[in-house]
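The primary structure of each chain is shown beneath.
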Amino acid sequence: MAKKKQQVNQQQKQKNNEKTEPAKKKYSLIKDERIKFILGLAFLSFAIFFLLAFVSYLFTWRVDQSKLDVNFSTLISDADISVENWAGKTGAFLAHLFIHKWFGIASFSLIIILIVLAFKLVSIRLLSLQKTVKNSILISIWMSITLGYLFGDTYFFLGGAHGYFISKWLNALVGKAGTAFVTLIALFAFLILTFDRFFIRLKNIVNVNKSCLKQKLVEKTTEKNKAQEEEKQEINEAPINLDDLSFEVTQPQEETNKNEDSKESFDDNIQTLEVKESVSNVSGSTDEESVDENEGGLDLTIVNKATEEDNDADKIHSKALGDYDPTLDLSSYRLPTVDLLDIHEKDSNAVTNEELVSNKNKIVETLANYKIKIDKIRATIGPTITLYEIIPAPGVRISKIKNLEDDIALSLAALGIRIIAPMPGKGTIGIEVPNIHPEIVSMRSVISSKKFQESQYELPIVLGKTISNETYVVDLVKMPHLLVAGATGQGKSVGLNAILTSLLYKKHPSQLKFVLIDPKKVELTLYSLIEKHFLAKMPDTEEAIITDTQKVVNTLNSLCVEMDQRYDLLKLAHTRNIKEYNAKFIKRKLNPEKGHRFLPYIVVVIDEYADLIMTAGKEIEMPIARLAQLARAIGIHLIIATQRPTTNIITGLIKANFPTRIAFRVTSSMDSRTILDQTGANQLIGRGDMLISNASDLTRVQCAFVDTPEIERVIEYIEKQQAYPSAFLLPEYVDDASKGLNEVDLKKRDGLFDDAARLIVNHQQGSTSLIQRKFSIGYNRAGRIIDQLEAAGVVGPNEGSKARQVLIPDEYSLEQLLNRVNNQ
């Protein structure tokens, strides 16, 4: 039975393979570059044929009109029928069909579509094919109706039958004036939806016409403001009743009505806040109107004073142009919406009153066992941690409580507690106890928080929630660099994704670029889809996510070149940082013809920094140290992540330039001291629990959780929008090794060149020490031979401490290579 089943399965597989093979062949034919090239030439030929037929029809349609009212088969088969069209009977028939019976001379748009398609098939991109087809169809329809409306009775062929009959129908429906109005509205709608610059210019024209109306409104609002100021002065000058104040303070209401009074006062506060906001909005509008009034005054003074016009011609020209908008190239770009992120419902098994009371009693009992008295204790509930703040009785030493950390953990049966003695700025001692049922802090909850949405930071990063359930938002510009460390599986990758996601939710592609370095090749690959929106890379680099060690070294050195170039621009502009420089550029005070440009922020994210240090060492550390020391002022910021927080990885040079550090859970207190310069990270509970050290402050935060499907939706939302033609290109950098390689002259080869090549191919090991040992020569000569072998293509480039890769697989290939080199 089993054998029969296997035979049946094999037969079914063979049948399926026979069915799928033709489809695979068809697909491979479509992907074949030669087939594409032939199709491109064919479509280009069709375009030329249609062009001849259409142009000829404009001159010969009167002669050929009577002969083209027959069927195409009759026209072709009847030898007595002759036409004057340059493209013959087929061209005359097609031209008559498109121009006379369909869209008139708007049918020439078909030729544009065919040309764009032909060039795309031969890998030449003239225009976007999708946009060309859409715009050509819409223009053909509009142009046919318009020409049919204007010239339908006299020159029928201009609009064709389509334009003629639809214009007649519109004339009967809304009249001639209505038809003209409909066509104009359709034209404006097409231009506004298709061309962003047309919409912006139209908007500017409308805004200019508003200035006269605003002047009238300003006069009315100024009168209202004067009346309000007089009322405020009367109120301020009124005497204060001291008896009433003492009565409110000294005679509070009964305790039974505390809750109701607090609710009423809370409602009153909300009402006062709403009133203040409305008043501030009104005052804000009047300020804007007054600014507009002042701008109008400036325009009048310029007109009246001809001498100032001559002296300040550049200023007037810049005012006429308005401020430079860096987002104009992608003006239709929209920030991702919060709906793309998942909602994580709160756990019903949150911290209960029973858990709080039992933990409080255990803490008090444990301290009482060691004769430590407490005056007061209070709890602050966080998503994963509850903070118990205690005020010890007078005379109790803080160090005595600090030493009882393990005893309190034993009594609470907790994963690990942390004692903060004393709490900064509070005068209490904090005991952090993990919750039995921790909550998930969703990325959606922190992104949609008011603190993040209303933040005015240059590069806002939302990391999660603190112990007191407050959203933790920081500015990367003020950090200015970030070091992330922690053991495997404790949340580093999620933390990096949270940082990148929060920046994507706040910044426009023109304002921010990422350089993503991922030696693991799997953590940051999702972001490759937004290469043309947000990523930066070196010229002639295929992948924007950098994974190769040598490319990492070149990219970091290229960033150093970019840093030097930016500092030269700041020097010419007499500014101190990127914010001042960009503000000047936006105000058009810097001339682009002199090399000035808008500078986007560049955030460099390096994952698995330890692996790079192991393979490249100083080649990686030196450019990173240089960027960390100098790059903050010109808008280049580093985020480095590693899972090996040892002193040979996180050196003193790195720590000195990374004042802001994030520590996830580590295994030992020594690792915690390496990252934070103090213990604490070894007492975290994992799963996104982290300590953030910013200068001398240490904050415990539960990292926001963002899953891979959420990132994919955000990336897909950005990818579908209009992008730049290519990624942001960094300056070219040629390393010293390649410079030396270009200087190697193979005509002056060493006498041992051939023997050394055979030795390396036989051993498949490109090592300088191997040549040195086998031929008993010095290191310098062996190094020169290795350079010559690299120039000849026998071995690959230097890879640090690793042996060079041997590029020749066998002796036969080597002999062919040596013959070519010897014949040069």
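About the criteria used
- Residues numbered from 1 in each chain as written.
- Predicted model: local features only at pLDDT ≥ 70, side-chain atom pairs only at ≥ 80, totals over all residues.
- Heavy atoms only, no water.
- Helix = DSSP H or I, 4+ residues; strand = E, 2+ residues; numbered from the N terminus.
- Contact = heavy atoms within 4.5 Å.
- Axes fitted to C-alpha atoms, helices over the stretch in contact; angles between N-to-C directions.
- Parallel < 35°, antiparallel > 145°, perpendicular 65-115°, else oblique.
- Nonpolar A, V, L, I, M, F, W, Y, C, P; charged D, E, K, R; others polar.
- Salt bridge = Lys/Arg side-chain N within 4 Å of Asp/Glu carboxyl O.
- Polar contact = N/O pair within 3.5 Å; in protein donor to acceptor, adjacent residues only side chain to side chain.
- Pairing = 2+ DSSP bridges.
- Buried < 20%, exposed > 50% of the residue type's maximum accessible area, 1.4 Å probe, protein only.
- Arc of directions from axis to C-beta.
- pLDDT = per-residue confidence, 0-100.
- Phe/Tyr/Trp six-rings, centres within 6.5 Å; stacked < 30°, edge-to-face > 60°.
- Lys NZ or Arg CZ within 6 Å of the ring centre and 35° of its normal.
- Core = buried A, V, L, I, M, F, W, Y, C linked by side-chain atoms within 4.5 Å.

## A look at the overall build of the protein
1) Next: Helix and strand content of the protein: 31 helices and 15 strands.
2) Next: Excluding contacts between residues fewer than 6 apart, the proportion of contacts in the protein whose partners are at least 24 apart in sequence is 66%.

## Re the packing of helix α5 (residues 109-121) against helix α6 (residues 129-151)
1) Next: One can describe the packing of α5 onto α6 by two numbers: an axis separation of 9 Å at closest approach and a directional angle of 175 degrees. Taken together, the axes of α5 and α6 are roughly antiparallel relative to one another. Residue-level inspection shows Ser-109, Ile-112, Ile-113, Val-116, Leu-117 and Lys-120 of α5 in contact with α6, the latter providing Leu-129, Thr-132, Val-133, Ser-136 and Ser-140.
2) Next: Taken together, the residues of the contact of α5 with α6 sort by class into six nonpolar, four polar and one charged.

## Some remarks on the pattern of salt bridges
1) Next: Applying the stated criterion to the full structure yields 23 salt bridges.
2) Next: The network of salt bridges with common partners includes Arg-418, Glu-432, Asp-689 and Arg-700.

## Here we look at the environment of Ile-139
1) Next: By secondary structure assignment, the location of Ile-139 is in helix α6.
2) Next: The spatial distance from the C-alpha of Ile-139 to the C-alpha of Ala-106 is 7.5 Å, given a sequence separation of 33 residues.

## Quick word on the environment of Glu-355
1) Next: If you trace the backbone, Glu-355 turns up in helix α13 (residues 353-369).
2) Next: In sequence terms Glu-355 and Ile-436 are 81 residues apart; their C-alpha atoms lie 8.5 Å from each other.
3) Next: Dropping the residues within four chain positions of it, Glu-355 is found in contact with Tyr-388, Asn-435 and Ile-436.

## Observations regarding the side chain of Glu-531
1) Next: Residue position: Glu-531 is located in helix α19 (residues 531-534).
2) Next: Engagement of the side chain of Glu-531 in a polar contact is seen with the side chain of Lys-537, the distance being 2.8 Å.
3) Next: Excluding residues that lie within four positions of it along the chain, Glu-531 makes contacts with Lys-537, Glu-542, Ala-544 and Ala-727.

## Topic: the sheet that holds strand β1 (residues 374-381)
1) Next: With antiparallel pairing, four strands are arranged side by side in an open sheet as β1-β2-β4-β3. Two strands bound the open sheet, and with one partner strand each, they are β1 and β3 (418-420). Neighbour-to-neighbour, the strand axes of the sheet open up by a mean angle of 20 degrees, direction not taken into account.
2) Next: In terms of strand pairing, β3 meets strand β4 (residues 429-434) through three bridges, oriented antiparallel. Residue pairing in the sheet places Ile-419 in a bridge with Ile-431 of β4.
3) Next: Packing against the sheet, α13 makes contact with β1, β2 (385-392) and β4, and its axis sits at approximately 40 degrees to β2.

## Some details on helix α29 (residues 768-775)
1) Next: Of all the positions in α29, only Thr-768, Leu-770 and Ile-771 are classed as buried. Along the axis of α29, the buried positions cluster into a sector of 160 degrees, meaning they face one direction only.
2) Next: In the core, the buried residues of α29 are packed alongside α28 (753-763) and α30 (779-792).
3) Next: Positive phi shows up at Ser-776, right after α29, with a value of about 55 degrees.

## What about the confidence of the model for the protein?
1) Next: Summing up the model confidence of the protein, the mean pLDDT is 78 and the portion of residues at 70 or higher is 78%.
2) Next: Across the protein, the secondary-structure element scoring lowest on mean pLDDT is helix α9 (residues 242-250), at 29, and the one scoring highest is strand β10 (residues 601-606), at 96.
3) Next: Within the model, pLDDT remains below 50 along residues 23-27, and this stretch shows zero contacts once partners closer than five positions in the same chain are excluded.
4) Next: Below pLDDT 50 for its whole length, residues 231-314 participates in 15 contacts with residues either more than four positions away or in separate chains.

## Examining the packing of aromatic side chains
1) Next: With the rule as written, the count across this model stands at twelve aromatic pairs.
2) Next: Residues Phe-98 and Trp-102 carry aromatic rings whose centres are separated by 5.0 Å and whose planes lie at 80 degrees to one another, so their mutual orientation is edge-to-face. Of this pair, Phe-98 and Trp-102 both sit in helix α4 (residues 88-103), four residues apart, roughly one helical turn.
3) Next: Exposure remark for Trp-102: the relative accessible area of 38% places this residue in the partly exposed category.
4) Next: One aromatic cluster is present, formed by Phe-49, Phe-50, Phe-54, Phe-98, Trp-102 and Phe-108 through successive ring pairs.
5) Next: Above the plane of the ring of Phe-452 lies Lys-506, whose end atom (NZ or CZ) is 5.6 Å from the centre.
6) Next: In this structure, Arg-749 packs its charged tip against the face of Phe-753, placed 5.6 Å from the ring centre.

## Quick notes on the nonpolar core
1) Next: The biggest cluster of nonpolar side chains holds 106 residues, and the ones touching the most others in it are Phe-514, Ile-620 and Ile-624.
2) Next: When residues of this core are assigned to their parent elements, the largest contribution, nine residues, is made by helix α20 (residues 549-573).
3) Next: Those residues in contact with Phe-514, other than ones at most four positions away along the chain, are Leu-500, Leu-503, Leu-504, Phe-534, Leu-535, Ala-536 and Val-603.
4) Next: Membership of the second largest hydrophobic core comes to 22 residues, among which are Ala-756, Ile-777, Val-806 and Leu-818.

## Notes on the environment of Ile-586
1) Next: Structurally, the position occupied by Ile-586 is in helix α21 (residues 578-586).
2) Next: C-alpha of Ile-586 to C-alpha of Tyr-324: the two residues are 262 residues apart in sequence and 4.5 Å apart in space.
3) Next: If we skip the residues at most four places from it in the chain, Ile-586 touches Asp-323, Tyr-324 and Phe-598.

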